[in-house]
Amino acid sequence: MIREPLIFVLSEKGKRACLLPVLDVDEKKSVTQGITVRKNIKGFPQVSEVEVVRHFTRLSTTNYCVDEGFYPLGSCTMKYNPKINEKVAGFEGFLVAHPLAPEEMNQGNLEVLKLTEDLLCEITGMDKFSLQPSAGAQGELVGMMMIRACLESRGEQRKVVLIPDSAHGTNPSSAHLCGYKVREIKSNSRGTVDLQDLAAGMSEDVAAFMVTNPNTLGVFESDIKEITRIVHSEGGFVYMDGANMNALIGTSRPGDMDVDVIHLNLHKTFSTPHGGGGPGSGPVGVKEVLAPFLPKPHIEKRGERYYFDYDRPQSIGQVKSFYGNFLVVVRALSYILSLGPEGLKEISEIAVLNANYIRKSLEDIYHLKYNSPTLHECVFSDLFLKDFGVSNLDVAKRLIDYNVHPPTMSFPLIVHGALMVEPTETESKRDLDLFIDAMKKIAIEAEKNPELLKSAPHLTYVRRLNETTAARNPILKWTPESKGKE
Ligand SMILES: *Cc1c(COP(=O)(O)O)cnc(C)c1O
């Protein structure tokens, strides 16, 4: 594999992309001398057009992405993003709309926002949504802030939030940021919430229980009604982390499970682009009891007119400029409308089928701490590899050589050496089989040639990095001398 050098290395004096005709007037301080040539970059590269194009085209192919292949990053729902969403988001009326344009001139775009909120209410069974939060984690924080504001409006100062030991790290972080003490609730032998531990943990000091359903093992919390009853009986709220809605969409609704507040991740379940630092969206939905506390403004409709309602005295305030990431919402709406109710139901059915197909195909080889039928993902562990001195990290790195993005590792924390696989509904059986095959081959390699795994990946630009050094002291400039030091 040829390593792409920096464009500075390609520079040769006098090379340029275009040649201007010979001057037929007196030379003045021209555009090329004065304005567009960056003087503050030492050795500004001089390269031809074809060199520029090839350099950046080659670089653009070094990143792995969902358009290239299987991306089974558990908990992240890395599904394919249909191109129709991009086309719709590119419509001029969406693209050039100015967020400060008067509401009368923006009625169509406001309708898009309101329609999306209404559809999310229907899909989740919640009463009201706000599209302001720009990520799941921000949705969690907003949810906790609303719970606190509601409790304070009742004169209650509860101090504790309960969270299961299988939860995503953002849950305790959000509760903590909101000023709560976090207490952990144990999982039982099935990997679901231990009801006795929950009941024992509940008291009048508990503001909320944060639950993920299905949980991070991909297992449905079948006691969810009992969970919400226990929490409500002590006057607490139930927050549902809705990052795993891909398992439920069109099939069952959190609102019907009596949860009080939920966030969704449009960049997971609703197929908007994900990763690479692009904008996300973490809408938050509530039952009536929390609706007065939603961020303001909130989009409303009076008669035929859509408007932003700022007159919300109990609101926790604005949490994002304007009204969230508008074009992300447009993509998600395009996705919802292009699938329709039947299509949305099929998503969760196929996502669940695919995860169980992988679990069943690999359960005899890879260890499963909790081997119950899962929903949309399954969590293997590296227990059986220990005998060969190989870990989950080595398997993940070796998968790269098979052109598969590594699964999520070492999460959830209740599974030691976890490899969490979420195939999503967008993979064909052929691609699932290629993955299963790669995992089987790697298990054989682990036994026969563990060094091959421990030194993987072998087919990438850079091999095994020291991840701490790579993060703290990255060497971004590649020269032949830096080879091997990466
Ligand atoms: C992704 C995820 C989150 C956080 O969502 P972001 O949009 O990444 O902030 C929270 N909980 C779970 C279970 C997740 O998978």
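Remember, predicted model here, so these are calculated numbers, not experimental data. Every residue gets a number counted from 1 within its own chain, in the order that chain's sequence is written. At least 70 in pLDDT is required for a residue's local features to be given in this predicted model, at least 80 for side-chain atom pairs to be given and counted, and no such filter applies to totals for whole chains, interfaces and linings, which use all residues. Working from all heavy atoms in the structure, the side-chain values ignore hydrogens and water.

1. Observations regarding the site of the ligand
Now for step 1: Working definition: residue near molecule or strand if any one of its non-hydrogen atoms lies within 4 Å of it. As a matter of local geometry, the ligand sits amid Ser 75, Ala 135, Gly 136, Ala 137, Glu 140, His 168, Thr 170, Asp 241, Ala 243, Asn 265, His 267 and Lys 268.
Now for step 2: Side-chain polar atom of Asp 241 to a nitrogen atom of the ligand: 2.6 Å apart, as the coordinates give it.
Now for step 3: One of the side-chain nitrogen or oxygen atoms of His 267 is found 2.7 Å away from an oxygen atom of the ligand.
Now for step 4: Burial of the ligand by the surrounding chains reaches 88%, relative to a free accessible area of 380 Å². Any pair of N or O atoms that falls within 3.5 Å is considered a polar contact. Within protein, one atom must be able to donate a hydrogen and the other to accept it, and sequence-neighbouring residues count only if both atoms are side-chain atoms. Using a 1.4 Å probe, the Shrake-Rupley method yields the accessible areas, and only the shown protein chains count as cover for residues.

2. Considerations on helix H7 (residues 136–153)
Now for step 1: Relative to the 26 Å expected for 18 residues at 1.5 Å per residue, H7 spans 26 Å between its end C-alpha atoms, a close match to the ideal helical length.
Now for step 2: When H7 is considered as a whole, its buried residues turn out to be Gly 136, Gly 139, Glu 140, Val 142, Gly 143, Met 144, Met 146, Ile 147, Ala 149, Cys 150 and Leu 151.
Now for step 3: Here, residues are in contact when the closest pair of their heavy atoms is within 4.5 Å. Each helix corresponds to a stretch of at least 4 residues labelled H or I by DSSP, and each strand to a stretch of at least 2 residues labelled E; elements are numbered beginning at the N terminus. Elements that come into contact with the buried residues of H7 comprise strand S2 (160–164), helix H8 (170–177), strand S4 (206–212), strand S5 (237–241), strand S6 (261–263) and strand S7 (284–286).
Now for step 4: Of the residues flanking the end of H7, it is Gly 155, one or two places downstream, whose phi is positive at about 80°. One fewer than the residue count of a helix, multiplied by 1.5 Å, yields its expected span. Burial classes follow relative accessibility: with a 1.4 Å probe on protein chains only, a residue under 20% of its type's maximum area counts as buried, one over 50% as exposed, and anything between as partly exposed.

3. Points about the packing of aromatic side chains
Now for step 1: Any two of the Phe, Tyr and Trp rings considered here, Trp counted by its six-membered ring, make a pair once their centres fall within 6.5 Å; the pair's planes then place it as stacked at under 30 degrees, edge-to-face at over 60, or tilted in between. Within the structure shown, the criterion is met by seven aromatic pairs.
Now for step 2: Between Phe 70 and Phe 435, the aromatic rings sit 5.1 Å apart at their centres with planes inclined by 75°, giving edge-to-face as the arrangement. Pair noted here: Phe 70 is in the loop between helix H3 (49–60) and helix H4 (83–89) and Phe 435 is in helix H13 (residues 429–448), with a separation of 365 residues, a long-range link.
Now for step 3: Classification of Phe 70 by relative accessible area gives buried; the value is 6%.
Now for step 4: Ring centres of Tyr 366 and Phe 384 lie 5.0 Å apart, and the angle between their planes is 80°; on these two criteria the pair is classed as edge-to-face. Taken together, the positions of Tyr 366 in the loop between helix H11 (326–362) and strand S10 (378–381) and Phe 384 in the loop between S10 and helix H12 (392–401) put the pair 18 residues apart, joining distant regions of the chain.
Now for step 5: Under the relative-accessibility criterion, Tyr 366 is labelled buried at 1%.

4. Some points on the domain arrangement of the protein
Now for step 1: Considered domain by domain, the protein is made up of domain 1 (7–60), domain 2 (83–338) and domain 3 (348–471).
Now for step 2: The gap between the C-alpha centroids of domain 1 and domain 2 is 50 Å. Throughout the structure description, domain borders are defined by an automatic or database domain assignment.

5. Observations concerning the pattern of salt bridges
Now for step 1: Salt bridge, as used here: a side-chain nitrogen of Lys or Arg that lies within 4 Å of a carboxyl oxygen of Asp or Glu. For the structure shown, the criterion picks out 26 salt bridges.
Now for step 2: Note that Arg 359 is salt-bridged to Glu 363, the shortest N-O span being 3.9 Å.
Now for step 3: A relative accessible area of 6% places Arg 359 in the buried class.
Now for step 4: Residue Glu 363 is classed as partly exposed on the basis of its relative accessible area of 21%.
Now for step 5: The network of salt bridges with shared partners includes Glu 12, Lys 15 and Glu 51.

6. Structural notes on the packing of H11 against H13
Now for step 1: One way to put it is that H11 packs onto H13 with a least axis distance of 10 Å and a crossing angle of 30°. Between H11 and H13, the interaxial angle falls into the category roughly parallel. H13 is crossed by H11, and the crossing has right-handed handedness. The segment H11 lies against H13, with Asn 354, Tyr 357, Ile 358, Ser 361 and Leu 362 engaging Lys 429, Leu 432, Asp 433, Phe 435, Ile 436, Met 439 and Lys 440.
Now for step 2: Each residue gets one label: Ala, Val, Leu, Ile, Met, Phe, Trp, Tyr, Cys and Pro are nonpolar, Asp, Glu, Lys and Arg are charged, and the others, such as Gly, are polar. Classifying every residue of the contact of H11 with H13 by side-chain character gives seven nonpolar, two polar and three charged. For helices, the fitted axis covers only the stretch in contact; all axes are lines through C-alpha atoms, and the angles between them, taken along N-to-C directions, range from 0 to 180 degrees. Any angle that is under 35 degrees is reported as roughly parallel, and any over 145 degrees as roughly antiparallel; angles of 65 to 115 degrees are reported as roughly perpendicular and all others as oblique. The sense of a crossing depends on the near helix, which, turned anticlockwise from the far helix by less than a right angle, makes the crossing left-handed and, turned clockwise, makes it right-handed.

7. A word on the nonpolar core
Now for step 1: Of all hydrophobic cores here, the largest spans 53 residues; its most connected members are Leu 113, Leu 120, Leu 162, Leu 198, Phe 209 and Phe 270.
Now for step 2: Those elements that provide at least two residues to this core are H4, helix H6 (107–124), S2, S4, helix H10 (224–233), S5, strand S9 (305–309) and H11.
Now for step 3: Leaving out residues up to four positions away in the same chain, Leu 120 has contacts with Phe 129, Leu 131, Leu 264, Leu 266, Phe 270, Pro 283 and Ile 336.
Now for step 4: Residues belong to one nonpolar core when they are buried, are Ala, Val, Leu, Ile, Met, Phe, Trp, Tyr or Cys, and are joined through side-chain atoms within 4.5 Å. Membership of the second largest hydrophobic core comes to 26 residues, among which are Val 161, Ala 208, Val 261 and Phe 293.

8. Comments concerning the sheet that holds strand S12 (residues 418–421)
Now for step 1: Should DSSP find at least two bridges between two strands, the strands are regarded as paired. A sheet is described by the order of its strands in space; here three strands give the open sequence S10-S12-S11, paired in antiparallel fashion. Strands at the two margins of the open sheet, each flanked by one partner only, are S10 and strand S11 (408–409).
Now for step 2: Pairing of S10 with S12, which is carried by four bridges, proceeds in the antiparallel orientation. From the neighbouring strand, Ser 381 faces S12, where its bridge partner is Ala 418.

9. What to know about H8
Now for step 1: Burial in H8 covers these residues: Asn 171, Ser 174 and Ala 175. On an axial view of H8, the arc spanned by its buried residues comes to 95°, and they lie on one face. Across from the buried face of H8, at angles greater than 90 degrees, the exposed residues are His 176 and Leu 177.
Now for step 2: Contact partners of the buried residues in H8: H7, S2, strand S3 (181–185), S4 and S5. In this context, the arc is that of the directions from the helix axis out to the C-beta atoms.

10. Digging into the side chain of Glu 300
Now for step 1: Structurally, Glu 300 is set in strand S8 (residues 298–302).
Now for step 2: His is not counted, nor are the chain ends, whereas Lys and Arg count as positive and Asp and Glu as negative. Lacking a salt bridge, the buried Glu 300 has Arg 312 as its closest oppositely charged neighbour, with an N-O distance of 4.0 Å.
Now for step 3: In this structure the side chain of Glu 300 is engaged in a polar contact, spanning 2.9 Å, whose partner is the side chain of His 298.
Now for step 4: Not counting residues within four places of it along the chain, the set of residues in contact with Glu 300 comprises Lys 114, Lys 128, Arg 305, Tyr 306, Tyr 307, Asp 309 and Arg 312.

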